[in-house]
Amino acid sequence: VNIADALRATRSRLVGVADHPSFEAELLVASVLQTERARLFARLKDPLREPARALLNRLVEQRRSGCPLSLLRGWKHFRNLTLFVSRGVFIPRYETEVLVEAALQSGSSGIALDLCTGSGPLALSLADEGSFSEVFATDISEGALSLASRNALYNNISNVSFFRGDLFDALPPGSPRFDTIVSNPPYIPTDDLDGLPRSVSDFEPRAALDGGDDGLDVIRRIIQSAPEYMRAGSALIVEIAPFQSPAVTALLRRSGFLDVRVFPDSSMQDRCVRALYPGPGTARGSFA
Ligand SMILES: C[S@@+](CC[C@H](N)C(=O)[O-])C[C@H]1O[C@@H](n2cnc3c(N)ncnc32)[C@H](O)[C@@H]1O
């Protein structure tokens with residue numbers, strides 16, 4: 001069996017499983033050979049030996065049973081970063097990248113906070129691409145925070161501090177007010193969790209997804225508490241499911257936030273809402 005044979009066989013076993021069987025076959029073969037996809041094509045006639053063959057076979061079986069490709073490879077790109085992923089921690093999605101754009105457009109200096117950081121894509125991108133002096137990041141999951149710290153080290157990012165706990169309660173006493181707050185929290189309505197594809201329901205932690213009856217439990221708590229942690233003019237940016245944009249826009253306006261704006265992702269789906277905090281005494285903080 002040479003590399004060309006392995007690519008052909010892998011591709012045909014991925015038809016009907018992967019959206020892009022040829023591309024995924026190339027990535028998996030490259031991964032067992034510990035090389036880059038682009039380098040495969042000069043080596044098509046080289047033999048694929050053990051243990052790479054057995055490993056490829058195992059990875060293809062796992063992929064066929066719904067395991068996300070990035071979990072098999074062990075990492076995923078997010079903007080400029082290479083992030084380790086692992087079972088039990090939410091895998092960053094490309095649609096989340098728009099939150100970084102929205103945050104940087106709203107100001108990129110001072111101190112930023114990423115609530116529900118997971119493996120750290122937002123906190124680390126803000127530290128990498130913005131000019132923030134410091135970035136704080138919180139999550140309720142110990143596993144997520146240890147992966148996020150590893151990702152900070154690997155990407156050479158040193159000005160992010162991680163804290164474990166429930167939303168803002170994780171912050172240490174005496175924390176500063178933040179200039180930017182971002183979050184991609186759980187936002188899927190509980191009843192929709194059963195209808196998710198197996199690649200999500202079997203491989204992502206439920207606590208990373210479940211947003212309660214209408215999906216907005218965590219987002220509502222973030223909007224309610226955020227003013228205590230913001231300065232006048234600070235931006236709050238949250239990820240949403242597209243159908244939630246009217247409800248979240250209304251919640252933010254009702255709570256006194258200004259300049260509420262919805263940003264679409266690259267598939268033109270409403271993906272995040274950005275709002276500015278006008279300062280103490282102006283936000284009404286009323287919640288229905
Ligand atoms: C949808 S994942 C997003 C992770 C990361 N921000 C990303 O975009 O890849 C939501 C994250 O929220 C965390 N989480 C859930 N409830 C939380 C809470 N009450 N306080 C803090 N983090 C929470 C989960 O552990 C999970 O890592």
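Definitions and cut-offs
- Residues numbered from 1 in each chain as written.
- Predicted model: local features only at pLDDT ≥ 70, side-chain atom pairs only at ≥ 80, totals over all residues.
- Heavy atoms only, no water.
- Pairing = 2+ DSSP bridges.
- Helix = DSSP H or I, 4+ residues; strand = E, 2+ residues; numbered from the N terminus.
- Axes fitted to C-alpha atoms, helices over the stretch in contact; angles between N-to-C directions.
- Near = heavy atom within 4 Å.
- Polar contact = N/O pair within 3.5 Å; in protein donor to acceptor, adjacent residues only side chain to side chain.
- Areas by Shrake-Rupley, 256 points an atom, 1.4 Å probe, with all protein chains shown as cover.
- Nonpolar A, V, L, I, M, F, W, Y, C, P; charged D, E, K, R; others polar.
- Core = buried A, V, L, I, M, F, W, Y, C linked by side-chain atoms within 4.5 Å.
- Buried < 20%, exposed > 50% of the residue type's maximum accessible area, 1.4 Å probe, protein only.
- Contact = heavy atoms within 4.5 Å.

Run through the sheet that holds strand S9 (residues 270-276), naming residues and quoting values.
Spatial strand order, S5-S4-S3-S6-S7-S9-S8: seven strands in an open sheet with mixed pairing. At either end of the open sheet lies a strand with only one pairing partner, and these are strand S5 (160-164) and strand S8 (258-264). Along the sheet, successive strands turn relative to each other by an average axial angle of 15°, direction set aside. Strand direction decides the pairing type here: strand S6 (residues 178-183) and strand S7 (residues 230-239), joined by five bridges, are parallel.

Tell me about the site of the ligand, and please be specific about residues and values.
Looking at the ligand, there are 18 residues lining it, with Cys116, Asp139, Asp166, Leu167 and Asn184 nearest. A distance of 3.4 Å separates a nitrogen atom of the ligand from a polar atom in the backbone of Thr117. In this structure, a nitrogen atom belonging to the ligand sits 2.7 Å away from a side-chain N or O atom of Asp166. Burial of the ligand by the surrounding chains reaches 94%, relative to a free accessible area of 600 Å². Each residue belonging to the shell around the ligand can be placed in one class, and the counts come to ten nonpolar, six polar and two charged.

Report on the nonpolar core, specifying residues and quantitative values.
Phe168, Ile181, Leu236, Val248, Leu252 and Phe257 are the most contacted members of the largest nonpolar core, which has 30 residues in total. Going through the elements one at a time, strand S3 (111-115), S6, helix H10 (217-225), S7, helix H11 (245-254) and S9 are the ones with two or more residues in this core. With four residues, H10 is the largest single contributor of residues to this core. If we skip the residues at most four places from it in the chain, Leu236 touches Ile181, Ile222, Ile223, Ala226, Met230, Leu252, Phe257, Val273, Arg274 and Ala275. Counting residues in hydrophobic clusters, the runner-up holds 29 residues, among them Phe78, Val100, Leu126 and Leu276.

Geometry only, nothing functional implied.
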